[in-house]
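Here is what each chain is made of, one letter per residue.
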Amino acid sequence: MTQESVRRSNASYSNMYGRVNNNMAHERMKVYFCTDLDKSVLVNNFEKRGWSQVSADDDWNFYWAGVQTCRNIFSVDSGYRMNDNQMINHFPNHYELSRKDLLVKNIKRYRKDLERDGNALAEKSDGSWSGGTRYLYLDFIPVTFVLPADYNMFVEEYRKNPQSTWIMKPCGKSQGAGIFLINKLSKLKKWSREAKGAFHPQIAKESYVISRYIDNPLLIGGKKFDLRLYVLVTSFRPLKAYLFKQGFCRFCTVKYDTSMTELDNMYVHLTNVSVQKHGGEYNSLHGGKWSVQNLALYLEGTRGKEVTDRLFGAISWLIVHSLRAVAPVMASDRHCFECYGYDIIIDNNLKPWLVEVNASPSLTSTTVTDRILKYKLIDNILSVVLPPDGVPDVRWNKIPSADALGNFDLLIDEELAAQEEAQNSQQNKNSKSMGNRWK
């Protein structure tokens, strides 16, 4: 009997998503992976660790799955239960963060909850600001409404400032699909009429978000750009999150222009590579990308180190509070981790705005630099989410060593913070009791 057939005969049982024998996992120290995505940055990283690839209906320890596969695995109908030596790369309801309408809903609820509790984080400005009152510390998403549900509220807001431009995005799409800008209510009404027509039944069923367009973006070389940052979450309760240091800027290929004639020119307004690569000005050598490190150096040189540090501090703040906003509703399954792609726009006052969050950031490499970055990203993710012996095991405490972090910086670890707080509290008690002895 071959070693492979022994392994299979010893497996507890197998169903369409595979099952691995828990008792054997550490004896054989062999890890089996499967993936829906045929990406070299994934497979090369797994094979470098000596892992063997299997299909989805075989016994697996580590599954890098698409979001639909993940939903199928966690659906009630599947009746599937993972064991202690299995991990998967999405949380069951990741869409609470990555769907545009749910992200907005959760952030709005988070702010209201803090306000109700009298938390200082929810403090608002007085009405002297040109747009009325606003949150002083949690004002990191543009004013946004979900259509068609919030249509009347949107109209009320629009009429306060009828010269403003708004951006429409379908809630369930990505890569710039279905996005357009409006600056007149009549254009929205026209779109709404067309959407209800017989030719667009799919649009009529879709929800859209409409957000105030950031029309004063920070420009470099006259061009608009956004930031793509990678955020790894290993647990939502307690919240444990890490920021990858090697994010990048994505530039438009055409110089920024707010005139009416350019309102429909997506090469001016959308930074998505999936949009820009079809433009005549697209440069396939650098892919219209610039490292976050280069951005920081540029800003330090043009605006100064203090304001640059403040900007990157505000970006970390924004990420942490967006995660805290969804943590109460997220199913924090111990078998799961997730790498989110955060898209952030910086305005010309160096204020960061959260545009959206992607649950499946692209692993396609458009340049050599891109390929190196994404290979390192996957390698570092594996180092952080796996126990020190490299074998998936959900029983470990998910506190990686400093060496294991690689290019990740710790953003927040509520468990570590609680431990430190308890230690400090104990030390204070001890020092007080020592002081009392001499009284």
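The name given to the protein chain in an unreviewed UniProt entry is Polyglutamylase complex subunit TTLL1, with Stomoxys calcitrans as the source organism. Looking at the protein chain in UniProt, the text filed under Subunit (unreviewed entry) is "Part of the neuronal tubulin polyglutamylase complex which contains TPGS1, TPGS2, TTLL1, LRRC49 and NICN1. Interacts with PCM1, CSTPP1 and LRRC49." According to UniProt, the comment filed for the protein chain under the heading Catalytic activity (unreviewed entry) is "(L-glutamyl)(n)-gamma-L-glutamyl-L-glutamyl-[protein] + L-glutamate + ATP = (L-glutamyl)(n+1)-gamma-L-glutamyl-L-glutamyl-[protein] + ADP + phosphate + H(+)".

Caption draft 1: Summary view of the environment of S55. One can find S55 in the loop between strand 2 (52-53) and strand 3 (62-64). Its relative accessible area of 34% is what places S55 among the partly exposed residues. For S55, the side chain forms a polar contact with the side chain of D57, separated by 2.6 Å. Among the polar contacts made by the side chain of S55, one reaches the side chain of D58 at a distance of 3.0 Å.

Caption draft 2: Up close: the nonpolar core. Counting 59 residues, the largest nonpolar core has F236, I319, L323, Y342 and L354 as the members making the most contacts within it. It is helix 13 (residues 305-326) that contributes the most residues to this core, eight residues altogether. Each of two domains, domain 1 (32-88) and domain 2 (94-141 + 216-420), supplies a minimum of three residues to this core. If we ignore the near neighbours within four places in the chain, the residues touching I319 are L229, V231, L243, Y342 and L411. Of all hydrophobic cores here, the second largest spans 30 residues; its members include V41, L42, L232 and L382.

Caption draft 3: Geometry of the sheet that holds strand 3. Ordered in space as 2-1-3-4, the four strands form an open sheet in which the pairing is parallel. Each end of this open sheet is capped by a strand with a single partner; those strands are strand 2 and strand 4 (87-88). Here helix 3 (residues 40-48) sits on the sheet and contacts strand 1 (32-35), strand 2 and strand 3; the angle it forms with strand 1, its principal contact strand, is near 180°.

Caption draft 4: Inspection of the pattern of salt bridges at higher detail. The final tally for this structure, using the stated rule, is 25 salt bridges. Close ionic contact of E356 with K169 constitutes a salt bridge, the shortest N to O distance being 3.7 Å. Of the two residues, E356 is situated in strand 15 (residues 352-358) and K169 in strand 6 (residues 166-170); the sequence distance between them amounts to 187 residues. Across the pair, K169 and E356 agree in class, each one buried. In this structure, K289 and D370 form a salt bridge, with 2.9 Å as the shortest nitrogen-oxygen distance. One end of the pair, K289, is in strand 13 (residues 289-291); the other, D370, is in helix 14 (residues 368-385), and 81 residues separate them in sequence. Neither residue differs from the other here; K289 and D370 are each classed as buried.

Caption draft 5: Just the packing of helix 12 (residues 292-302) against helix 13, in detail. Where helix 12 meets helix 13, the axes come as close as 8 Å, and the angle between the chain directions of the two elements is 140°. What the angle tells us is that helix 12 and helix 13 run oblique. Here helix 12 contributes V292, L295, A296, L299 and E300 to the contact with helix 13, which in turn contributes K305, T308, L311 and F312. Partitioned by chemical class, the residues of the contact of helix 12 with helix 13 number six nonpolar, one polar and two charged.

Caption draft 6: Structural view of helix 3. For helix 3, every residue scored as buried is listed here: V41, L42, V43, N45 and F46. G50 occupies a position one or two residues after helix 3 and carries a positive phi of about 80°.

Caption draft 7: Highlighting a nonpolar patch on the surface. A cluster of nonpolar residues, L136, Y137 and W317, forms a patch on the protein surface that exposes about 280 Å² of accessible area. As for its placement among the helices and strands, W317 is situated in helix 13. Here W317 falls in the partly exposed class, since its relative accessible area comes to 35%.

Basis of the calculations
Residues numbered from 1 in each chain as written. Predicted model: local features only at pLDDT ≥ 70, side-chain atom pairs only at ≥ 80, totals over all residues. Heavy atoms only, no water. UniProt positions renumbered as here; feature names shortened; annotations may be inferred. Helix = DSSP H or I, 4+ residues; strand = E, 2+ residues; numbered from the N terminus. Buried < 20%, exposed > 50% of the residue type's maximum accessible area, 1.4 Å probe, protein only. Polar contact = N/O pair within 3.5 Å; in protein donor to acceptor, adjacent residues only side chain to side chain. Core = buried A, V, L, I, M, F, W, Y, C linked by side-chain atoms within 4.5 Å. Domains from an automatic or database assignment. Contact = heavy atoms within 4.5 Å. Pairing = 2+ DSSP bridges. Axes fitted to C-alpha atoms, helices over the stretch in contact; angles between N-to-C directions. Salt bridge = Lys/Arg side-chain N within 4 Å of Asp/Glu carboxyl O. Parallel < 35°, antiparallel > 145°, perpendicular 65-115°, else oblique. Nonpolar A, V, L, I, M, F, W, Y, C, P; charged D, E, K, R; others polar. Patch = residues over 30% accessible without salt bridge, like charges linked within 9 Å, V, L, I, M, F, W, Y side chains within 5 Å. Areas by Shrake-Rupley, 256 points an atom, 1.4 Å probe, with all protein chains shown as cover.

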